[in-house]
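These are the residues of each chain, in order.
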Amino acid sequence: MNERITLVSLFDQENLIKINNFTNKIKEKICKVPYGKNVEDRYKADTLPYHFTLSAWNIDKEKFILQKLENIQFNKFKILVDSIDIMTGKENSFVLFFNVKTNDELKMLQNKIYNILPTEKYNPNDFKFHITIAIDKNYEKIINIKEYLEKNFEPFELEVNSIGLYEIYPANLIKNISGGELNERKN
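First, a word on what this report is: a plain description of the structure on this page. (Residues numbered from 1 in each chain as written. Predicted model: local features only at pLDDT ≥ 70, side-chain atom pairs only at ≥ 80, totals over all residues. Heavy atoms only, no water.)

For helix 1 (residues 13-23), the full list of buried residues reads Asn15, Leu16, Ile19, Phe22 and Thr23. Around the axis of helix 1, the buried residues are gathered within 115° of arc, so they sit on the same side. Exposed and oriented more than 90 degrees from the buried face of helix 1 are Gln13 and Glu14. Check the buried side of helix 1 and you find it contacts strand 4 (94-101), strand 5 (130-136), helix 5 (139-150) and strand 6 (156-160). (Buried < 20%, exposed > 50% of the residue type's maximum accessible area, 1.4 Å probe, protein only. Helix = DSSP H or I, 4+ residues; strand = E, 2+ residues; numbered from the N terminus. Arc of directions from axis to C-beta. Contact = heavy atoms within 4.5 Å.)

Now the structure itself:
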């Protein structure tokens, strides 16, 4: 049952392959769906592609959010995935994730999204961008996967081509917003 909508980055096939080059090596069964989402089978509901989240709202805000997204524009941009880390999740779980280094383009887009309908969890001043790899209550499993992935990890870039609004869980894409010309980051 879908109770929320979430706005996330969408990666094209080329960029998803970069992520899958790491995650496909994981031998254990993994799931990206957080605990506590009124989901009967987390693994079956894990249909949202790899992404980072920009914001989320209750499903009753869907019509309002869709109207506001009509005015959102952004240029395609690149992000740097610079490390693998762990944070605590809901219901005593652990979240293994790729850390996304914040840059000006990402911050600007998040500010636009935040100003549509502010959600404190996604406040641009406090939010840590990440791409979830796995969520599990077994800390040893998460640590083992992290150590395994770090053996061959090197920072890599991904291009954000578009963003998508999904009903979750399971994921159902309701709106895709494509970015304009690519903004090359100046180092």
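This is not the end of the story, as more comes after the structure.
What follows is about the nonpolar core. Judged by nonpolar contacts, the single largest core of 46 residues is most densely connected at Phe52, Phe98, Ile113 and Ile131. Among the elements that take part in this core, strand 3 (residues 75-88) stands out by supplying five residues, more than any other. Excluding residues within four positions of it along the chain, Phe98 makes contact with Ile19, Phe22, Thr23, Val81, Ser83, Ile84, His130, Ile131, Ile133, Phe153 and Phe156. In this structure, Val8, Ala45, Leu48 and Tyr166 belong to the second largest nonpolar core, which totals nine residues. (Core = buried A, V, L, I, M, F, W, Y, C linked by side-chain atoms within 4.5 Å.)

Moving on: unusual backbone geometry. Outside of glycine, negative phi angles account for most residues, and trans bonds account for most peptide bonds. Geometrically, the link from Ile168 to Tyr169 is a cis peptide bond, its omega value of -20° lying close to zero. Assignment of secondary structure puts Tyr169 in the loop between strand 7 (162-168) and strand 8 (172-178). Cis geometry marks the peptide bond from Tyr169 to Pro170; its omega dihedral reads 0°. Within the secondary structure, Pro170 is located in the loop between strand 7 and strand 8. Positive phi values are uncommon outside glycine, yet Glu91 reaches one of about 55°. Here Glu91 is to be found in the loop between strand 3 and strand 4. The backbone phi angle of Asn92 is positive, close to 55°, even though this residue is not glycine. With respect to the helices, strands and loops of the structure, Asn92 is situated in the loop between strand 3 and strand 4.

This part is about the layout of surface pockets. In this approach a probe as big as a water molecule rolls over the atoms, and the regions it shows empty are the leftover space. The volume enclosed by the largest pocket comes to roughly 580 Å³. Contributing to the lining of the largest pocket are 29 residues, with Pro34, Lys121, Tyr122, His130 and Thr132 lying nearest its centre. Residue assignment for the lining of the largest pocket shows that the elements contributing at least two residues are strand 1 (4-10), strand 3 and strand 5. With four residues, the single largest contributor to the lining of the largest pocket is strand 5. Residues belonging to the lining of the largest pocket are distributed by class as follows: 14 nonpolar, eight polar and seven charged. (1 Å grid on protein atoms, 1.4 Å probe; cavity = no way out; pocket = protein on both sides within 12 Å on 5 of 7 lines; lining within 4 Å. Points joined across faces, edges and corners; volume = space filled by probe spheres on them. Nonpolar A, V, L, I, M, F, W, Y, C, P; charged D, E, K, R; others polar.)

Residue position: Ile5 is located in strand 1. The spacing of Ile5 and Ala56 is 51 residues in sequence and 5.6 Å in space, taken between C-alpha atoms. Sequence-distant contacts of Ile5, that is, excluding residues within four places in its chain, are made with Ala56, Trp57, Asn58, Ile59, Lys61, Glu62, Ile65, Leu165, Tyr166, Glu167 and Ile174.

Sheet architecture is open: four strands sit in the order 2-1-7-8, paired in antiparallel fashion. With partners counted over all chains shown, the strands left at the sheet margins are strand 2 (53-58) and strand 8, one partner each. Across the sheet, the mean angle separating the axes of adjacent strands is 20° when strand polarity is ignored. Here strand 1 pairs with strand 2 via five bridges, running antiparallel. Residue Arg4 lies in a different strand from strand 2, and its bridge partner there is Asn58. Of the strands in this sheet, strand 1, strand 2, strand 7 and strand 8 touch helix 3 (residues 62-69), which is tilted by about 170° from strand 7. Strands strand 1, strand 2 and strand 7 of the sheet are contacted by helix 4 (residues 104-116), whose axis makes an angle of about 10° with strand 2. (Pairing = 2+ DSSP bridges. Axes fitted to C-alpha atoms, helices over the stretch in contact; angles between N-to-C directions.)

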